[in-house]
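What follows is the residue order along each chain.
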2 protein chains.
Amino acid sequence: MPTISVENYLKAIYHLEQQGEEGGLVKNKAIAEKLEISLPSVTSMLKSLADNGLVVYERYKGVKLSPDGCSQALNVIRKHRLIELFLVETLQYTWDEVHSEAELLEHAVSDKLAAKIDAYLGFPDSDPHGDPIPSVDGQVRVSSAIPLNQCSPYCTAIIKRVLNQSPELLRYLKELGLVPGSAVDVVSVQAFDGQMNLSVNSTQGETSAIITAQTASCILVLPQ
Amino acid sequence: MPTISVENYLKAIYHLEQQGEEGGLVKNKAIAEKLEISLPSVTSMLKSLADNGLVVYERYKGVKLSPDGCSQALNVIRKHRLIELFLVETLQYTWDEVHSEAELLEHAVSDKLAAKIDAYLGFPDSDPHGDPIPSVDGQVRVSSAIPLNQCSPYCTAIIKRVLNQSPELLRYLKELGLVPGSAVDVVSVQAFDGQMNLSVNSTQGETSAIITAQTASCILVLPQ
DNA sequence: TTAAAAAGTTAGCCAAAACTAACAAGGCAA
DNA sequence: TTGCCTTGTTAGTTTTGGCTAACTTTTTAA
Ligand SMILES: [Mn+2]
Ligand SMILES: [Mn+2]
Ligand SMILES: [Mn+2]
Ligand SMILES: [Mn+2]
């Protein structure tokens, strides 16, 4: 069984692969920053992961997950997201609190417990942030949602996912009704800085919100 | 924050203190056996725990928990038992499955999560095995329950607790209706080996059971 | 009372996973 | 093209928590 540290590396590499361009290797520096660990520590762990067949490591270039490493990463991510949703559904956690709890629990939850949680929740396909929950066999539903900052005025869209775990940002978005399931109308966009003026249709009714392009880029939507 | 290993030692020492005689020190050997770790490893950990003020360690004699060590042990035990009950109550785990899950989860559950689980369960005072759940401030309800093998014929008693985590034994006892809450009548006791002939009044109705003195010693009851 | 067995300690080893300091390679801009 | 800055690697150290082998202390039983 992989250690907690190994699981965290695999997860980090998986996430960095997702956001990097197709087929590109993940740089050591990016892993070091994500995990807040020194570069030499990363180099030495990557060698060890490579020795164990979990990654393909090219000296001075970077790494990518092997099929085995990828499925292990997905198994941890699956647990993470199931735990997040479970905490929200059963214990009244809010969506800004669950990430840090899940970050530890993901390494202590057995496959059996994950399966029970999955069944209890009715085999959900996404967590409280709209992140897809990988299936037991490592399938991840793909979505055609796009960042909200890429929407033009008069566009109407449904929020599908929020790509950020910062509790502050999440509380701010919740305040504005900008959560998965809400509908947004793009009222106007500032030409020079991309600031967006939105009309939001959430469970709290119809409200308006003005957010930066930066913030909008974390919000994935499906235009209607 | 203590490591997982330190938490496991503190818990083991606490449990061994409970079963040893009043005021006696816990022997290194007992810890080694309980944790399935070599004696030298135990010696070295005890020194380190003593350096950190978690135990009082007397060379060649044994250890006892310091007040600080005791409260840390109780906090882990509290989490363990809350988790066990939570798994049974919400996820249809059976009482023989929960111990091993809780053994890992107890180290990953935050104080905050423990408090939420506690509230969700309605501030229970015992886990599925009848083990008392320590309060946040380290209070443990004492019970005057006695081992069933100390009961005489014609005695009627209510089962309060089962002092054994073996899945096999637990499944066997469940089968016989010998679970906390059931009422037992001692029909007869074999003179030479203490084997007990019982009449059991459980949720499954009135049944009879014959168990060894050894098995009966794990079952704590309150005579009526 | 004393010798053997059991329990405990010391010394020395290892692995995992972190770190810093020093050096090497790669990439970019002048 | 060259030089510098960034990135990556190597070497060596630390901490934690295991281990075995060898020795010492304590306990037990003859
Ligand atoms: Mn994690
Ligand atoms: Mn999430
Ligand atoms: Mn444990
Ligand atoms: Mn229990």
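Worth saying up front: this structure is predicted, and the values here are computed from it rather than measured. (Residues numbered from 1 in each chain as written. Chains lettered and ligands numbered in written order. Predicted model: local features only at pLDDT ≥ 70, side-chain atom pairs only at ≥ 80, totals over all residues. Heavy atoms only, no water.)

Colleague: Go over the coordination of the manganese ion (ligand 1) with me, naming the residues and quoting the values.
Modeller: All names here are of chain A. Surrounding the manganese ion (ligand 1) are the protein donor atoms N8 (OD1), E103 (O), E103 (OE), E106 (OE) and H107 (NE2), which sit 2.0 to 2.5 Å from the metal. Donor residues for the manganese ion (ligand 1), ordered by position in the chain, follow N-x94-E-x2-E-H. With a gap of 99 residues between them, N8 in helix α1 (residues 4-19) and H107 in the loop between α5 (98-105) and α6 (111-120) connect regions that are remote in the sequence. (Donors = N, O, S within 2.8 Å, 3.2 Å for Na, K, Ca; no water. Helix = DSSP H or I, 4+ residues; strand = E, 2+ residues; numbered from the N terminus.)

Colleague: Please set out the sheet that holds strand β3 (residues 146-147) of chain B residue by residue, giving values where relevant.
Modeller: All names here are of chain B. Strand order in the open sheet formed by six strands is β3-β8-β4-β5-β6-β7, and the pairing between neighbours is antiparallel. Because the sheet does not close on itself, it has two edges, and the strands there are β3 and β7 (205-211). As paired strands, β3 and strand β8 (residues 219-223) are joined by two bridges and run antiparallel to one another. Counted as the bridge partner of I146 is V221 from β8. (Pairing = 2+ DSSP bridges.)

Colleague: So, the relation of the copies chain A and chain B: which residues are in play, and what are the values?
Modeller: Placing chain A over chain B gives an RMSD of 0.1 Å and needs a rotation angle of 180°, together with 0.0 Å of translation along the axis. Taken together, the rotation angle and the small translation identify this as a two-fold axis. Most of the interface of chain A is mirrored in chain B, where 100% of its interface residues are also at the interface. (Least-squares fit on C-alpha atoms with pLDDT ≥ 70 in both. Contact = heavy atoms within 4.5 Å.)

Colleague: Go over the interface of chain A and chain B, please, and point to the residues and values.
Modeller: Between chain A and chain B, the residue contacts involve 18 residues of the former and 18 residues of the latter. In total, about 1600 Å² of surface goes out of reach between chain A and chain B, with carbon and sulfur atoms giving 64% of it. With a closest N to O distance of 3.1 Å, B:K112 and A:E97 form a salt bridge. Between chain A and chain B we count six residue pairs in polar contact (both at pLDDT 80 or more) in total. Of all elements in the fold, only α4 (67-91), α5 and α6 of chain A reach the threshold of two or more residues within the side of chain A that touches chain B. With five residues, the top contributor of residues to the side of chain A that touches chain B is α6(A). Across the side of chain A that touches chain B, the residue classes break down as eleven nonpolar, three polar and four charged. (Buried area = accessible area lost by both parts, 1.4 Å probe. Salt bridge = Lys/Arg side-chain N within 4 Å of Asp/Glu carboxyl O. Polar contact = N/O pair within 3.5 Å; in protein donor to acceptor, adjacent residues only side chain to side chain. Nonpolar A, V, L, I, M, F, W, Y, C, P; charged D, E, K, R; others polar.)

Colleague: I'd like to hear about empty space enclosed by the protein, residue by residue, with values.
Modeller: Following the criterion strictly, the structure yields one cavity of 30 Å³ or more and no others. A volume near 200 Å³ is recorded for the largest cavity. If you go around the largest cavity, you meet 16 residues; those closest to its centre are A:F86, A:L105, A:L113, B:F86 and B:L105. When contributions to the lining of the largest cavity are tallied by element, the ones reaching two or more residues are α4 and α6 of chain A together with α4 (67-91) and α6 (111-120) of chain B. (1 Å grid on protein atoms, 1.4 Å probe; cavity = no way out; pocket = protein on both sides within 12 Å on 5 of 7 lines; lining within 4 Å. Points joined across faces, edges and corners; volume = space filled by probe spheres on them.)

Colleague: Describe in detail the protein's contact with DNA strand C, supporting the description with residues and values.
Modeller: DNA strand C sits among 19 residues. The nearest are A:T3, B:N28, B:K47, B:Y57 and B:R59. Within 4 Å of the protein, the atoms of DNA strand C are drawn from sugar and phosphate moieties in a proportion of 82%. B:N28 is positioned with one of its side-chain polar atoms (N or O) 2.5 Å from a phosphate oxygen of DNA strand C. When contributions to the surface near DNA strand C are tallied by element, the ones reaching two or more residues are α1 and α3 (39-51) of chain A together with α2 (28-35) and α3 (39-51) of chain B. With four residues, the top contributor of residues to the surface near DNA strand C is α3(B). Each residue belonging to the surface near DNA strand C can be placed in one class, and the counts come to nine nonpolar, six polar and four charged. (Near = heavy atom within 4 Å.)

Colleague: Explain the packing of α4(A) against α5(A) residue by residue, including any values.
Modeller: Residue and element names in this part refer to chain A. At a minimum axis separation of 9 Å, α4 and α5 run at an interaxial angle of 130°. What the angle tells us is that α4 and α5 run oblique. Considering the relative orientation of α4 and α5, their crossing is right-handed. Of the residues in α5, those touching α4 at H80, I83, E84, L87 and V88 are V98, H99, E101, A102, E103 and L105. Class assignment of the residues belonging to the contact of α4 with α5 gives a composition of six nonpolar, two polar and three charged. (Axes fitted to C-alpha atoms, helices over the stretch in contact; angles between N-to-C directions. Parallel < 35°, antiparallel > 145°, perpendicular 65-115°, else oblique. Left-handed = near helix turned anticlockwise from the far one by under 90°.)

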